[in-house]
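# A structural walkthrough
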Amino acid sequence: MTDFGALMSVWFQTNAGKLIWLLVVAAVAFIADRVVSRVLRKVLDKSEIPSASIFINLTRTVIWVAAAAMVLQPVFGINPTTLVTALGVGGVALSLGLKDTIANVIGGFGLMLGRVIQPGDLVTIQGTTGTVVDITWRHSMIETRSGDRMVIPNSILNTASLTKLTPVSEGTVTLEFTAKASSDPTEVSRKILDCVTKATTDVELETQPPLVKFTGFSPYGMTGQVLLFAKPGVLLSTVRDRAARAIAEAGTDYLVEDGGSSDNV
């Protein structure tokens, strides 16, 4: 046991300089990681450059790679040039195994630098509509109105078609109806707007009131749509339910109730 303690003491004395250098570099890299990440996040938030974690993660990677390069030769006796050459030899095999990851990283930079999408954008992707929450080195995250989060690999997102929406179009709710052929379109519009406006005041988009549009004719009468616009954070189904209940409770003497009935003339 004494011999082991003596050996350890000799080893620490021999490598004291290396250990100190390793600790100093690690401490500096750790502090630089925290400070640079915080400053970069604030700069991105204040600038027009989209603030996504992919940029911050890239900066952190560069810091730690630089720190590792500084200790390879003095501490471990490994020539960085030799290591880079060795990695280059195995780079082809490694790239084949990580081709999906590499495609995701390149796709993420393509999305951000090309300003295809940015955090905060309202988009529809592969049938899912929501807000872009973040774009990381591997995937992009879309949050729907219900709070669900859809994770899409950047390589797929970079090649898939998407639609960028406005707050009005993203929150549009459509409620179809058929009015009797003998009804006055102006009066029908007035009655529908009156009841749905009162029922959806607290859940509708303040800048866009409900609309009634007549779309055509059917064997039973005039067809139309009630267009409502939900405010952010409100489920579209909630707005549709309130509007439908309001129309039903207000009386539907001007609407077709039973196709083919003589009362619908």
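What you are looking at is a predicted structure, and each value in this text was computed from that prediction instead of being measured.

Here the focus is the nonpolar core. Counting residues in each nonpolar core, the largest one holds 21 residues, and the members touching the most others are Phe177, Ile192, Val196, Val226, Leu228, Val239 and Ile247. At the level of elements, β6 (172–180), α9 (185–199), β8 (221–229) and α10 (236–249) are the ones that each hand at least two residues to this core. In contact with Val226, not counting residues within four places along its chain, are Val173, Thr174, Leu175, Phe177, Ile192, Val196, Leu211 and Ile247. In terms of nonpolar packing, the next biggest core, distinct from the first, is built from nine residues, Ile117, Val123, Ile135 and Leu157 among them.

Here the focus is the layout of surface pockets. Considered as a void within the structure, the largest pocket measures approximately 190 Å³ in volume. As for the largest pocket, its lining consists of Leu122, Thr129, Gly130, Thr131, Glu143, Thr144, Arg145, Pro167, Glu170, Pro232 and Gly233. Ranked by the residues each element gives to the lining of the largest pocket, the list is headed by strand β2 (residues 128–135), at three residues. Its residues assigned to classes, the lining of the largest pocket comprises three nonpolar, five polar and three charged.

With respect to the helices and strands, the residue Thr128 is situated in strand β2. The exposure class assigned to Thr128 is buried, which follows from its relative accessible area of 18%. Apart from the residues within four sequence positions on either side, Thr128 is in contact with Val123, Thr144 and Met150.

Our next topic: the side chain of Ser189. In this fold, Ser189 is placed in helix α9. By relative accessible area, which is 15% here, Ser189 ends up buried.

One open sheet holds the three strands; their spatial order is β6-β8-β7, and the pairing between them is antiparallel. Each edge of the open sheet is held by one strand with a lone partner, namely β6 and β7 (211–218). The sheet shows a mean angle of 25 degrees between the axes of neighbouring strands, direction not considered. Sheet topology note: the β6/β8 ladder contains nine bridges and is antiparallel.

Moving on to α10. Relative to the 20 Å expected for 14 residues at 1.5 Å per residue, α10 spans 20 Å between its end C-alpha atoms, a close match to the ideal helical length. Regarding α10, the residues found buried are Val239, Ala243, Ala246 and Ile247. For α10, the arc enclosing every buried residue in end-on projection is 95 degrees, short of the 170-degree limit, so these residues lie on one face. Residues of α10 that are exposed and point over 90 degrees away from its buried face: Arg245, Ala248 and Glu249. In the core, the buried residues of α10 are packed alongside β6, α9 and β8.

What counts and how
Residues numbered from 1 in each chain as written. Predicted model: local features only at pLDDT ≥ 70, side-chain atom pairs only at ≥ 80, totals over all residues. Heavy atoms only, no water. Core = buried A, V, L, I, M, F, W, Y, C linked by side-chain atoms within 4.5 Å. Buried < 20%, exposed > 50% of the residue type's maximum accessible area, 1.4 Å probe, protein only. Helix = DSSP H or I, 4+ residues; strand = E, 2+ residues; numbered from the N terminus. Contact = heavy atoms within 4.5 Å. 1 Å grid on protein atoms, 1.4 Å probe; cavity = no way out; pocket = protein on both sides within 12 Å on 5 of 7 lines; lining within 4 Å. Points joined across faces, edges and corners; volume = space filled by probe spheres on them. Nonpolar A, V, L, I, M, F, W, Y, C, P; charged D, E, K, R; others polar. Pairing = 2+ DSSP bridges. Axes fitted to C-alpha atoms, helices over the stretch in contact; angles between N-to-C directions. Expected span 1.5 Å × (residues − 1). Arc of directions from axis to C-beta.

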